[in-house]
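Overview (structure and organization)
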Amino acid sequence: SAVISQKPSRDICQRGTSLTIQCQVDSQVTMMFWYRQQPGQSLTLIATANQGSEATYESGFVIDKFPISRPNLTFSTLTVSNMSPEDSSIYLCSVPEGDYGYTFGSGTRLTVV
Amino acid sequence: GESVGLHLPTLSVQEGDNSIINCAYSNSASDYFIWYKQESGKGPQFIIDIRSNMDKRQGQRVTVLLNKTVKHLSLQIAATQPGDSAVYFCAETNTGGFKTIFGAGTRLFVKA
């Protein structure tokens, strides 16, 4: 299965600032996915990142708040912009695995103060 | 380190006992289900999957049961070990293409 390197693993940020999270995959993949995992909750899909086109955002998530880059088939970034304490979460990237499963990165634990 | 889900349902079992983790899924059109394990500080990892044309599937020390009538999925872990301590998520999808939905998760504590 694919191996994903995600960084940073954690960060504490001041409100109003932005943080960019990076995911590097050890193989070429068409789609990459970005998830948010709020404290005590499950995973919520933010957007699907496709190489060569704009990301597709889920309801409740917008490009201005969560801009995504996908410059090639092995790399993607998610930026959390103009952060507030409500953005404190774990952010995860993932890629398809097998028929319908996913492989996940190790996550970025973000705390906004 | 800090845990993933501070307020998740919790199951506490004695080492060596069997564990059963339950999940109610939401969409009757879902036809493919996966259980994931998430240890502290890590991303979810695939454990086992099952298609809707089956009602039981076994792996190494794990068994998944599917009851489509009541939209219920369970994960059974035999001879639970301390290394099984984690948050477990079920996920449902439809192979025709709708997005995967992750369940709320259950935290498993294994007492030595």
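What you are looking at is a predicted structure, and each value in this text was computed from that prediction instead of being measured. Sequence order as written defines residue numbering, which begins from 1 separately in each chain. Each chain is given a letter, starting from A, and each ligand a number, starting from 1, according to the order in which they appear as written. Only residues with pLDDT of 70 or above have their local features reported here, since the model is predicted, and side-chain atom pairs are shown and tallied only from 80 upward, although totals for entire chains, interfaces and linings are computed over all residues. Based on all heavy atoms of the structure, the side-chain values leave hydrogens and waters out of the count.

Quick look at the state of the cysteines now. Residues and elements named next belong to chain A. By disulfide we mean two sulfur atoms from cysteines, separated by a distance within 2.5 Å. Taken as a whole and judged by the stated rule, the model has two disulfides over all chains. The partner cysteine of Cys 23 in its disulfide is Cys 93, sulfur to sulfur 1.8 Å. Looking along the S-S bond of the Cys 23-Cys 93 disulfide, the torsion reads about -85°, which is the left-handed sense. Residue Cys 23 is found in strand β3 (residues 19-25), and its partner Cys 93 is found in strand β9 (residues 89-97); the two are separated by 70 residues along the sequence. Exposure remark for Cys 23: the relative accessible area of 0% places this residue in the buried category. Helix and strand assignments follow DSSP, with helices taken as H or I runs no shorter than four residues and strands as E runs no shorter than two, numbered in order from the N terminus. Here the term buried applies to any residue with accessible area under 20% of the maximum for its type, exposed to any over 50%, and partly exposed to those in between, with areas from a 1.4 Å probe on protein chains only.

Each strand in a sheet pairs with another by means of backbone hydrogen bonds, the pair being arranged parallel or else antiparallel. Residues and elements named next belong to chain A. Read across the sheet, four strands follow the order β1-β3-β8-β7 without closing on themselves; strand pairing throughout is antiparallel. Either end of the sheet is taken by a strand with one partner, and the two such strands are β1 (4-7) and β7 (68-72). Each strand of the sheet is rotated relative to its neighbour by a mean of 15°, with strand direction disregarded. Whether two strands pair depends on DSSP finding at least two bridges between them. As paired elements, β7 and strand β8 (residues 75-80) share three bridges and run antiparallel to each other. Counted as the bridge partner of Asn 72 is Phe 75 from β8. For every element, the axis is a line fit to its C-alpha atoms; helices are fit only across the contacting stretch, and the angle between N-to-C directions ranges from 0 to 180 degrees.

What follows covers the interface of chain B and chain A. At the junction of the two partners, chain B supplies 24 residues and chain A supplies 19 residues. Should a side-chain nitrogen of Lys or Arg be within 4 Å of a carboxyl oxygen of Asp or Glu, the pair is scored as a salt bridge. At the junction of chain B and chain A, the tally comes to one salt bridge. Lys 99 of chain B serves as the salt-bridge partner of Glu 58 of chain A, at 3.8 Å between the closest nitrogen and oxygen. Nitrogen and oxygen atoms within 3.5 Å of one another constitute a polar contact, given that in protein one can donate a hydrogen and the other can accept it, and given that sequence-neighbouring residues count only through two side-chain atoms. On inspection of chain B and its partner chain A, the count reaches four residue pairs in polar contact (both at pLDDT 80 or more). Ranked by the residues each element gives to the side of chain B that touches chain A, the list is headed by strand β3 (residues 32-38) of chain B, at four residues. Residues were grouped as follows: Ala, Val, Leu, Ile, Met, Phe, Trp, Tyr, Cys and Pro as nonpolar; Asp, Glu, Lys and Arg as charged; and all remaining residues, including Gly, as polar. Of the residues belonging to the side of chain B that touches chain A, the class tally is 10 nonpolar, 10 polar and four charged. What makes two residues a contact is simply this: any of their non-hydrogen atoms within 4.5 Å.

Sheet faces and side chains relate simply in a regular strand, where the side chains alternate between the two faces. All names here are of chain A. Judged by how many residues are buried, β8 sits mostly within the fold: six of six residues are covered. Burial along β8 is two-sided: Phe 75, Thr 77 and Thr 79 facing one way and Ser 76, Leu 78 and Val 80 facing the other are all buried. In this sheet, β8 lies alongside β3 in antiparallel orientation, the contact comprising six bridges. Its bridge partner lying in β8, Leu 19 is registered against Val 80. Joining the antiparallel neighbours β7 and β8 is a turn of two residues.

Turning next to the sheet that holds strand β5 (residues 56-58) of chain B. Residue and element names in this part refer to chain B. A sheet is described by the order of its strands in space; here four strands give the open sequence β2-β7-β6-β5, paired in antiparallel fashion. Here the strands that pair on one side only, and so sit at the sheet edges, are β2 (19-24) and β5. Taken pair by pair, the neighbouring strands of this sheet meet at an average axis angle of 15°, ignoring direction. Summarising the sheet, strand β6 (residues 62-67) and strand β7 (residues 72-77) pair through six bridges and their orientation is antiparallel.

This brings us to the pattern of salt bridges. Residues and elements named next belong to chain B. Throughout the structure, instances matching the rule amount to five salt bridges over all chains. Taking the shortest distance from any N to any O, the salt bridge between Arg 57 and Asp 49 comes out at 2.1 Å. Taking the relative accessible area as the measure of exposure, Asp 49 reaches 12% and is therefore buried. With its nearest N and O atoms 2.9 Å apart, the salt bridge here joins Arg 61 to Asp 84. Within this pair, whereas Arg 61 is found in the loop between β5 and β6, its partner Asp 84 is found in the loop between β7 and β8 (86-93), the two being separated by 23 residues in sequence. The partly exposed category is assigned to Arg 61, whose relative accessible area is 30%. Judged by its relative accessible area of 6%, Asp 84 falls in the buried class.

The way to describe two aromatic rings as a pair is by their centre distance and the angle between their planes. Residue and element names in this part refer to chain A. Here a Phe, Tyr or Trp ring, Trp counted by its six-membered ring, pairs with any other such ring whose centre lies within 6.5 Å, and the pair is stacked when the planes are under 30 degrees apart, edge-to-face when over 60, and tilted otherwise. Per the stated rule, a full pass over the model turns up 13 aromatic pairs over all chains. Centroid distance Phe 61 to Phe 66: 5.6 Å. Interplanar angle 65°. Geometry classified as edge-to-face. According to the relative accessible area criterion, Phe 61 is buried, its value standing at 9%. Ring centres of Tyr 102 and Phe 104 lie 6.1 Å apart, and the angle between their planes is 50°; this geometry places the pair in the tilted category.

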